[in-house]
Amino acid sequence: MGATTTILGNDRRMLMIEYLKEKEGQAELRELVEYIAEREGDTDRKHRKSVYVSLVQTHIPKLEREGVITFNHGIVTLLKIPDDVTVYMEVVNKHDISWSTFYMGTSLIFIIAGWYLGSMPLLLAAIVYLVISLIHHNRVKRLF
């Protein structure tokens, strides 16, 4: 469980794994920095430098210690992805909807049903479910 916790504990590590998977397991550090800065919505020089420093000083060493990647001469190579990690990485094709969007739609249907049937418990449960779906959707959207 150590490697899974190490990866899931930080968005930048998750983004590193995602990018390396897209690039068939290997990428230059510069490419990773650009990708992460872009995903975080800030590509100015100062932010890219912050991403670079955090990768080199913290995230790459942690993932190397766990045997997930190697880092040699500016090239990051993905060695393995711990089994549990892929469960937490939502992969959605271009024309598909995400699970969080699906759950939001389902919540709205149940809100309408609860209102129509006059069922306060159903209505309240559907509203709570909708709020949780919105929070998850915003979190995933920030990552990707």
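Residues numbered from 1 in each chain as written. Predicted model: local features only at pLDDT ≥ 70, side-chain atom pairs only at ≥ 80, totals over all residues. Heavy atoms only, no water.

This brings us to the overall build of the chain. Along its length, the chain carries seven helices and three strands. In sequence order, the secondary structure elements of the chain are arranged as α-α-β-α-α-β-β-α-α-α. Evaluated residue by residue, the chain yields a buried proportion of 34% over its 144 residues. Counting only contacts in the chain whose residues sit at least 6 apart along the sequence, the fraction spanning at least 24 positions is 54%. Summed over its atoms, the accessible surface of the chain is roughly 9,500 Å², and 58% of this surface lies on carbon and sulfur atoms. (Helix = DSSP H or I, 4+ residues; strand = E, 2+ residues; numbered from the N terminus. Buried < 20%, exposed > 50% of the residue type's maximum accessible area, 1.4 Å probe, protein only. Contact = heavy atoms within 4.5 Å. Areas by Shrake-Rupley, 256 points an atom, 1.4 Å probe, with all protein chains shown as cover.)

Below, the discussion takes up the side chain of His59. In this structure, His59 sits in helix α4 (residues 45-65). Residue classification places His59 among the buried positions, given a relative accessible area of 6%. Look past the residues within four positions of His59 in its chain and what remains in contact with it is Asn10, Arg12, Arg13, Met16 and Ser54.

A few words now on the pattern of salt bridges. Inspection of every chain in the model, using the stated rule, returns four salt bridges. The salt bridge partner of Glu18 is Arg39, with a shortest N-O separation of 3.6 Å. Of this pair, Glu18 sits in helix α2 (residues 11-22) while Arg39 sits in helix α3 (residues 29-39), and the two are 21 residues apart along the sequence. One salt bridge connects Glu34 with Arg48, and the closest N-O pair in it is separated by 3.1 Å. One end of the pair, Glu34, is in helix α3; the other, Arg48, is in helix α4, and 14 residues separate them in sequence. (Salt bridge = Lys/Arg side-chain N within 4 Å of Asp/Glu carboxyl O.)

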